[in-house]
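Below are the chains, spelled out letter by letter.
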Amino acid sequence: MLFPDVYIESTYHIDFEKLYSMGYRGVIFDIDNTLVGHGKPQDARSMALFKRLKNIGFKYCLLSNNKRPRVESFAEPVGAKFIYKAAKPKKEGYLKAVEELELKKDEVFFVGDQIFTDVAGATNAGLFTILVKQLYRQEEIQIVLKRILEKPIIALYLIRKKLLHKTDTL
């Protein structure tokens, strides 16, 4: 439950066209350290990503434990649906996001940077999960502490992937 389906360098390295060709039509994103630095507003790179997703044909939703002003101000410039105070890793927020997208669970994937909130919750909700490396090191102390606990899990994931001769290509 703590292993992602795919572990990749960055959200900006994901082959969204490939995922679309595989039948995915919706993507749920965490915001902080997945799309931009913690607490940062939309930037040119994230704006271009949402434009690209729209051109491909994706629907998208932001799922965050942050309060409404943070999430809404990030979602508004790109016309994203959003859920704030999502109580991740509880699966209900993920399922609500799928419902907001008006898609089936097998048509939606999740992208986030944390194992214990993002991956655990999305996996529990039955979604395909993509774990990305955090964009920036500056984070709140409780997240920094979780990162320490994540390291052995990521190491085990990488060992398992190597033993299975599996590559993460998206």
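The text that follows walks through the structure, step by step, so that each part is easy to find. A quick note: this is a predicted structure, and the numbers were derived from the prediction, not measured.

Criteria and cut-off values
Residues numbered from 1 in each chain as written. Predicted model: local features only at pLDDT ≥ 70, side-chain atom pairs only at ≥ 80, totals over all residues. Heavy atoms only, no water. Salt bridge = Lys/Arg side-chain N within 4 Å of Asp/Glu carboxyl O. Helix = DSSP H or I, 4+ residues; strand = E, 2+ residues; numbered from the N terminus. Buried < 20%, exposed > 50% of the residue type's maximum accessible area, 1.4 Å probe, protein only. Arc of directions from axis to C-beta. Contact = heavy atoms within 4.5 Å.

Some words on the pattern of salt bridges
Thought 1: Summed over the entire model, instances satisfying the criterion amount to six salt bridges.
Thought 2: One salt bridge in this structure joins K88 and D30, with 2.9 Å as the shortest N-O distance. Taken together, the residues K88 in the loop between β4 (81-83) and α4 (91-101) and D30 in the loop between β2 (26-29) and α2 (44-56) connect sequence positions 58 residues apart.
Thought 3: A residue is classified by how much of its surface remains accessible, and D30, at 8% relative accessible area, is buried.
Thought 4: The salt bridge partner of D32 is R70, with a shortest N-O separation of 2.3 Å. Residue D32 is located in the loop between β2 and α2, and its partner R70 is located in helix α3 (residues 68-75); the two are separated by 38 residues in the primary sequence. Take D32 and R70: they sit in the same class, and that class is buried.
Thought 5: A network of salt bridges, in which partner residues are shared, links D30, K88 and D118.

Quick notes on α4
Thought 1: Within the span of α4, buried status applies to G93, Y94, A97, V98 and L101. End-on view of α4: buried residues confined to an arc of 145 degrees, all on one side of the axis. For α4, exposure combined with an orientation more than 90 degrees from the buried face picks out E92 and E99.
Thought 2: Looking at the buried side of α4, the elements it contacts are β2, β3 (59-63), β4, β5 (108-112) and α5 (115-124).
Thought 3: Backbone geometry just after α4 places E102 at a positive phi near 60 degrees.

Considerations on unusual backbone geometry
Thought 1: That bond from K88 to P89 is cis: its omega, 20 degrees, falls within 30 degrees of zero.
Thought 2: With respect to the helices, strands and loops of the structure, P89 is situated in the loop between β4 and α4.
Thought 3: With phi around 60 degrees, A87 is a residue other than glycine that occupies positive phi space.
Thought 4: Inspection of the secondary structure assignment puts A87 in the loop between β4 and α4.
Thought 5: Residue E102 is not a glycine yet carries a positive backbone phi of 60 degrees.
Thought 6: Locating E102 in the fold gives a position in the loop between α4 and β5.

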